[in-house]
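In case you want the letters, here they are:
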Amino acid sequence: MKRQKPVVNPQKKYCIKEICDLLCICRDTVRKYTNLDVIVPIRVTSREVYYLGSEVLILYDVLTNK
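All figures in this text were calculated on a predicted structure; none of them were measured in a lab. (Residues numbered from 1 in each chain as written. Predicted model: local features only at pLDDT ≥ 70, side-chain atom pairs only at ≥ 80, totals over all residues. Heavy atoms only, no water.)

Looking at the pairing of strand E3 (residues 49-52)
Of the two faces of E3, only the one carrying Val 49 and Tyr 51 is buried; Tyr 50 and Leu 52 on the other face are not. As paired elements, strand E1 (residues 13-15) and E3 share three bridges and run antiparallel to each other. What sits directly across from Cys 15, in E3, is Tyr 50. Strand direction decides the pairing type here: strand E2 (residues 42-43) and E3, joined by two bridges, are antiparallel. Note on E3: the bridge partner recorded for Ile 42 is Tyr 50. Following E2, the chain reverses through five residues before pairing antiparallel with E3. (Buried < 20%, exposed > 50% of the residue type's maximum accessible area, 1.4 Å probe, protein only. Helix = DSSP H or I, 4+ residues; strand = E, 2+ residues; numbered from the N terminus. Pairing = 2+ DSSP bridges.)

Describing the sheet that holds E2
Pairing is antiparallel across the open sheet formed by three strands, whose spatial order is E1-E3-E2. At either margin of the open sheet sits one strand with a lone partner, and together these are E1 and E2. Lying over the sheet, helix H1 (residues 16-23) contacts E1 and E3, oriented at roughly 85 degrees with respect to E1. (Contact = heavy atoms within 4.5 Å. Axes fitted to C-alpha atoms, helices over the stretch in contact; angles between N-to-C directions.)

As for helix H2 (residues 27-35)
Burial in H2 covers these residues: Val 30, Tyr 33 and Thr 34. Along the long axis of H2, the arc covered by the buried residues comes to 105 degrees, so they all point the same way. Packing partners of the buried residues in H2 comprise H1, E3 and helix H3 (53-64). Looking one or two residues past H2, Asp 37 carries a phi angle of roughly 60 degrees, positive in sign. (Arc of directions from axis to C-beta.)

The values are spatial; any link to function lies outside them.
Below you can see the structure in the form of structure tokens.
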């Protein structure tokens, strides 16, 4: 199955749930690539984590070029 490239604004902040819905992945996958320093989160508080749209596109590229 080929993933569709998500239509995102590179400057907008996206929460983990939005990223999961855009890329059809689970939150564990987002956490995995965050821990590997592939994508960098923006932490508002310890419970609020966001990612820029540019990070979503980086994650998309990593997932499609495995």
